[in-house]
Amino acid sequence: MRGGADRRQGGTPNAHALALAPRTGGAVGGFRRSGAPGSRRRGGRARCWPGALIGLALLLWPAGAWAQGGGGGATSSGSGATPRAAGRTHLLVVSGLGGAPEFAEAFYRQGAALADAAIERYGLAAEDVVFLADRPERDAARIDGAATKQAIADALAGIAARAGPADRVLIVLLGHGSAREGESRFNLRGPDLGAAELATMLEPLGDRPLAVVNAASASGGFVEALAGAGRVIVTATRSAAERNATHFGEYFVRALAGADSDVDKDGRVSLLEAFDYARREVERAYEEENRLLTEHAVLEDDGDGVGTMEPAPRGGDGALAARFFLGGGAAGAAVADAPPELRALYERRDQLQEQIEALRARKAEMDPEAYQTQLEALLLELARTSSEIRAREGGTR
């Protein structure tokens, strides 16, 4: 865990070059910056505004733009209850045992690229990013400790102790995997980490929005073991039987560290966007090399323990992943530097967007009149909030 002090030397990293597989070179450099989390406040109730503002709200909020936050915090009920505010994001990156030098190098570079992007692109506080690697001595300024089962348990316990009730937690495992007695395992120096063991380590996190990405081979067994309400589980393989080395982690990191995966161009990359990008790139890579596809990534986030290779943003697997973001993206730095009143308005806008998406996801099960009434109220408040943001942004220039 970084204490916020700048402990790095070198230039800003090229995100595309750093997140690549063994065949790609390039040194890892760059600075980490600690950032204070933004103000988290709720706004007021929606007021009765002219009907024209509904159209304005729709124009201000492009289709596909999703609120920052995870599954546990997005609910919308017939009573109009406001969901809890989105909190900070805590990231744990683990680069596991590489074995062959080329894999060890690749896993380290992928982990470093992701940890760097979390702070430099998405604005996470340095102390909220923990990077564990197989050989921490290779880069003591960047790596927080050895990638061992005990270190992972300690890191998760630390996150649980300091995370707020609405904080998001993202765990990314990069490396090799195996299966023993039918259980998927993540390979580490010393004892491997089993799926059931990781499930136990996650219990102190409670119902906080949580995402676990296991990019290792034979990782499919982690889906059923870790699935639950408000959780996004991604694995590089659909079963423990797919044991060949995977490429999913390479492209998943590239999706988060680069810009090509930002489909809706809102400056942020959701876990769903990253998953879809990585899955497509893996398929393309195998096709170009004329090889049989031996890894089939799956995503599970509806709590039934069964993943899918083709998640969708609305209904079923994919809905939570579409609303889970690593951080604020290109807008993150601007939000962090904004005055407290403006940061509060940004947060309120995010909350309203999240409520609208949650409401739309429940449209089929709601009374049509109640649905339309609630949607109109939310769109009106979104228009009012966006208007006030523009006014205040103009005053700060």
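Check the entry above for the structure.
Below you will find a few notes about this structure. These figures come from a predicted structure and were not determined experimentally. (Residues numbered from 1 in each chain as written. Predicted model: local features only at pLDDT ≥ 70, side-chain atom pairs only at ≥ 80, totals over all residues. Heavy atoms only, no water.)

Let us now look at the sheet that holds strand 5 (residues 177-180). Pairing in this open sheet of 3 strands is antiparallel, and the strands run 5-6-7 from one edge to the other. If you trace the sheet from one side to the other, it starts and ends with strand 5 and strand 7 (193-194), each paired once. By the bridge criterion, 4 bridges tie strand 5 to strand 6 (residues 183-186) in an arrangement that is antiparallel. Each bridged residue has a counterpart across the sheet, and for Gly177 the counterpart in strand 6 is Phe186. (Pairing = 2+ DSSP bridges. Helix = DSSP H or I, 4+ residues; strand = E, 2+ residues; numbered from the N terminus.)

Let us now look at empty space enclosed by the protein. Applying the stated rule across the entire model yields 3 cavities of 30 Å³ or more. Ser95, Gly96, Ala104, Phe107, Tyr108, Ala133, Asp134, Arg135 and Arg138 are the residues that line the largest cavity. Here the residues of the lining of the largest cavity are counted per class, giving 4 nonpolar, 2 polar and 3 charged. (1 Å grid on protein atoms, 1.4 Å probe; cavity = no way out; pocket = protein on both sides within 12 Å on 5 of 7 lines; lining within 4 Å. Points joined across faces, edges and corners; volume = space filled by probe spheres on them. Nonpolar A, V, L, I, M, F, W, Y, C, P; charged D, E, K, R; others polar.)

On to the nonpolar core, then. Residues Leu91, Leu170 and Phe248 are the most contacted members of the largest nonpolar core, which totals 48 residues. Listed by contribution, the elements that provide at least two residues to this core are strand 1 (89-95), helix 3 (101-120), strand 2 (129-133), strand 4 (168-174), strand 8 (210-214), strand 9 (231-235), helix 7 (248-257) and helix 8 (271-288). When residues in this core are grouped by element, the largest group, 9 residues, is from helix 8. Those residues in contact with Phe248 that lie beyond four places of it in its chain are Val213, Ala215, Val234, Ala236, Phe275, Ala278, Arg279, Val282, Glu295 and Ala297. (Core = buried A, V, L, I, M, F, W, Y, C linked by side-chain atoms within 4.5 Å. Buried < 20%, exposed > 50% of the residue type's maximum accessible area, 1.4 Å probe, protein only. Contact = heavy atoms within 4.5 Å.)

Okay, the pairing of strand 1 next. Put simply, side chains in a regular strand alternate between the two faces of the sheet. Summarising burial for strand 1: 7 of the 7 residues are buried, a large majority. Burial of strand 1 is two-sided: the residues Thr89, Leu91, Val93 and Ser95 facing one way and the residues His90, Leu92 and Val94 facing the other way are all buried. Of the strand pairs in this sheet, strand 1 and strand 2 are connected by 5 bridges, and their pairing is parallel. If you follow Leu91 over to strand 2, its bridge partner there is Val129. Read from strand 1 through helix 3 to strand 2, the crossover connection turns out right-handed. (Right-handed = clockwise from strand over helix to strand, strands pointing away.)

What follows is about the side chain of Thr246. Structurally, Thr246 is set in the loop between strand 9 and helix 7. There is a polar contact of 2.7 Å between the side chain of Thr246 and the backbone oxygen of Ala215. (Polar contact = N/O pair within 3.5 Å; in protein donor to acceptor, adjacent residues only side chain to side chain.)

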